[in-house]
Amino acid sequence: IYFPAADTVGVVAGGTEKIRFGSNELPPQNLLVNGAMNVAQRGPVTGLGGVNGARTAIDMWLVDTDGASNEGRFSVLQNATTPVGFGNSLWVDCTTAESAVAAGDLNVIETRNEAQNLQQLDWGTAAAKDVTLSFWYRSAKTGIHCVMIYAEDSNRSMVKEFTIASANTFEYFSLTFAGDTGGTVFADDTGVGFRVGFPLVCGSTYQISADTWTANNRYATSNQQNLLDSTSGEVLITGVSLVVGGAAGDFEHEDYGTTLRKCQRYAKILTTDANQPVGYGIVVGTTRSSIVIPTP
């Protein structure tokens, strides 16, 4: 037990801070949905990288892409290769290599949250709270990788670097982002509050220095590698959590049903099989029927 700041008590176990009393809610709640990659309603999704906003196989995770010369293409599937304690991961499998990264080229795996869910952060005020992002990451490449948060209403970004020490091995990371005091207060609505993204390819147009809030949507530093330069390249991610305060704590595992209900706020796959009922209704006439399809 130690005192990291005034009016704050921290608890450390095994050399890692688990929780702080006084600086965040207890227990810390994950601001992201489906960080354990358990819900995958769409099934395997291939040919990603050419269309901005395309959804991946994993609910709540999509692709942010840009660049006229962007040639990298990849599949995103649910994978059972995971660190201990998890059952699924998000698997990026490169199918068409990005031979040379132009300034405007961009491919990012990201998730988003609604602004109305982020009011407690107080960003855009002097009381802006820090948030801690933790995750398990496996890459075919060693060296520096990046992760970012982009606050939509403020149009401001912060990038953090992390270093992969061993290729094709899951490693755990915990990174604290300082609360943004210089931006705009989150709108209390259903619009995007922020994005959390892991860049695969990031040209110089979208690069900034690490650890500082900067105007515009930026995704990486100049140290970001091209993770799509070979069809043998792959990235696996799981256990992604974003909590208020300076300590990540243990990952907040939810039962599948709870996570599914959260995901179905945004998408519900009615059926992927032939000859399955999708609703109920009535025959209106000889050429018309009226069918009701309820959604969560």
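We now turn to the structure provided with this report.

Quick notes on the pattern of salt bridges
Item 1. Considering all chains together, one arrives at twelve salt bridges under this definition.
Item 2. A salt bridge links D250 to K18; its shortest N-O distance comes to 3.3 Å. Taken as a pair, D250 in the loop between β15 (234-244) and α1 (256-263) and K18 in strand β3 (residues 16-21) lie far apart in primary sequence, 232 residues in all.
Item 3. One network of salt bridges, with partners in common, ties together D64, E110, R112, E152 and R195.

Overview of the state of the cysteines
Item 1. Per the stated rule, a full pass over the model turns up zero disulfides.
Item 2. Free of any disulfide, C146 has its nearest cysteine sulfur in C202, 7.6 Å distant.
Item 3. Judged by its relative accessible area of 6%, C202 is buried.

A look at the sheet that holds β3
Item 1. Pairing is antiparallel across the open sheet formed by three strands, whose spatial order is β1-β2-β3. Since the sheet does not close on itself, it has two edges, and those belong to β1 (2-5) and β3, each with one partner. Taken over all neighbouring pairs, the strand axes of this sheet differ in orientation by 40° on average, direction set aside.
Item 2. Where β1 meets strand β2 (residues 8-13), two bridges bridge the pair, whose relative direction is antiparallel. When the bridges of β2 are listed, A5 appears paired with T8.

A look at a nonpolar patch on the surface
Item 1. On the surface, L270, V278, I291 and I293 cluster together into a nonpolar patch covering about 330 Å² of accessible area.
Item 2. Relative to the assigned elements, L270 resides in the loop between α1 and β16 (280-285).
Item 3. Exposure remark for L270: the relative accessible area of 43% places this residue in the partly exposed category.

Concerning the environment of Q119
Item 1. Note on placement: Q119 falls in the loop between β8 (106-114) and β9 (131-139).
Item 2. When its relative accessible area of 30% is taken as the criterion, Q119 is described as partly exposed.
Item 3. Each C-alpha atom of the pair Q119 and L228 lies 36 Å from the other, and the pair is 109 residues apart in sequence.
Item 4. Those residues in contact with Q119 that lie beyond four places of it in its chain are F186, A187 and D188.
Item 5. For Q119, the side chain forms a polar contact with the main-chain oxygen of A187, separated by 3.3 Å.

Criteria and cut-off values
- Residues numbered from 1 in each chain as written.
- Predicted model: local features only at pLDDT ≥ 70, side-chain atom pairs only at ≥ 80, totals over all residues.
- Heavy atoms only, no water.
- Salt bridge = Lys/Arg side-chain N within 4 Å of Asp/Glu carboxyl O.
- Helix = DSSP H or I, 4+ residues; strand = E, 2+ residues; numbered from the N terminus.
- Disulfide = S-S within 2.5 Å.
- Buried < 20%, exposed > 50% of the residue type's maximum accessible area, 1.4 Å probe, protein only.
- Pairing = 2+ DSSP bridges.
- Axes fitted to C-alpha atoms, helices over the stretch in contact; angles between N-to-C directions.
- Patch = residues over 30% accessible without salt bridge, like charges linked within 9 Å, V, L, I, M, F, W, Y side chains within 5 Å.
- Areas by Shrake-Rupley, 256 points an atom, 1.4 Å probe, with all protein chains shown as cover.
- Contact = heavy atoms within 4.5 Å.
- Polar contact = N/O pair within 3.5 Å; in protein donor to acceptor, adjacent residues only side chain to side chain.

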